[in-house]
Amino acid sequence: MGEVKWTSEQMLAIKEKGENILVAAAAGSGKTAVLVERIINKIINEKIDIDKILVVTFTKAAASEMRGRILEAIYKEIEKNPKDTHLGQQVTLLSKANICTIDAFCLDIVKNNFFEIRYISKFKNSRRH
Ligand SMILES: Nc1ncnc2c1ncn2[C@@H]1O[C@H](COP(=O)(O)OP(=O)(O)O)[C@@H](O)[C@H]1O
Ligand SMILES: [Mg+2]
């Protein structure tokens, strides 16, 4: 796909700052695309590292789709700006970025803080997903 011509509603959802945003739209209407673009804009304009952004989904399939589409978008930007070292770093950082299901994220919090909450760790050997 070439450059997307975003609709004005999509532009709003991509650019809006300092507010909580709820985007509700039909399947296939571009919600994931907008979210990926928001993330890419933050990486490029605000020089934020991808591993400082939390992206949570409901399903593992959605998390892996997000990771794939973010990687694809990063590569596309690298093609435009091959000398941008910050962009280049994002490919490596993506592997440790928090792009996961809400369940996996909550499980991580419990595992990493079970001391604090006096919870006996039964999670030692459980896999992250
Ligand atoms: N404004 C647009 N113009 C052209 N294609 C678009 C536009 N917005 C989204 N798309 C494309 O439509 C397809 C479905 O988008 P996606 O983000 O997967 O939708 P959703 O997450 O809402 O189901 C993708 O290929 C996406 O790139
Ligand atoms: Mg989607």
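Computed from a predicted structure; not experimentally measured.

(A) View of the packing of helix H2 (residues 31-45) against helix H3 (residues 60-80). Their axes nearest at 10 Å, the elements H2 and H3 cross at an angle of 50°. Taken together, H2 and H3 sit at an angle that is classed as oblique. In this structure, H2 crosses over H3, and the sense of that crossing is right-handed. Only Glu 65, Met 66, Arg 69, Ile 70, Ala 73 and Glu 77 of H3 make contact with H2, whose side of the interface consists of Thr 32, Val 36, Ile 39, Ile 40 and Ile 44. Grouping the constituent residues of the contact of H2 with H3 by class yields seven nonpolar, one polar and three charged.

(B) View of the site of ligand 1. Taken together, 14 residues lie near ligand 1, and Ser 29, Gly 30, Lys 31, Thr 32 and Ala 33 sit nearest. Sort the elements by how many residues they give to the shell around ligand 1 and H2 lands first, with three residues. Split by residue class, the shell around ligand 1 holds six nonpolar, six polar and two charged.

How each quantity is defined
Residues numbered from 1 in each chain as written. Chains lettered and ligands numbered in written order. Predicted model: local features only at pLDDT ≥ 70, side-chain atom pairs only at ≥ 80, totals over all residues. Axes fitted to C-alpha atoms, helices over the stretch in contact; angles between N-to-C directions. Helix = DSSP H or I, 4+ residues; strand = E, 2+ residues; numbered from the N terminus. Parallel < 35°, antiparallel > 145°, perpendicular 65-115°, else oblique. Left-handed = near helix turned anticlockwise from the far one by under 90°. Contact = placed C-beta atoms within 7 Å. Nonpolar A, V, L, I, M, F, W, Y, C, P; charged D, E, K, R; others polar. Near = placed C-beta within 6 Å.

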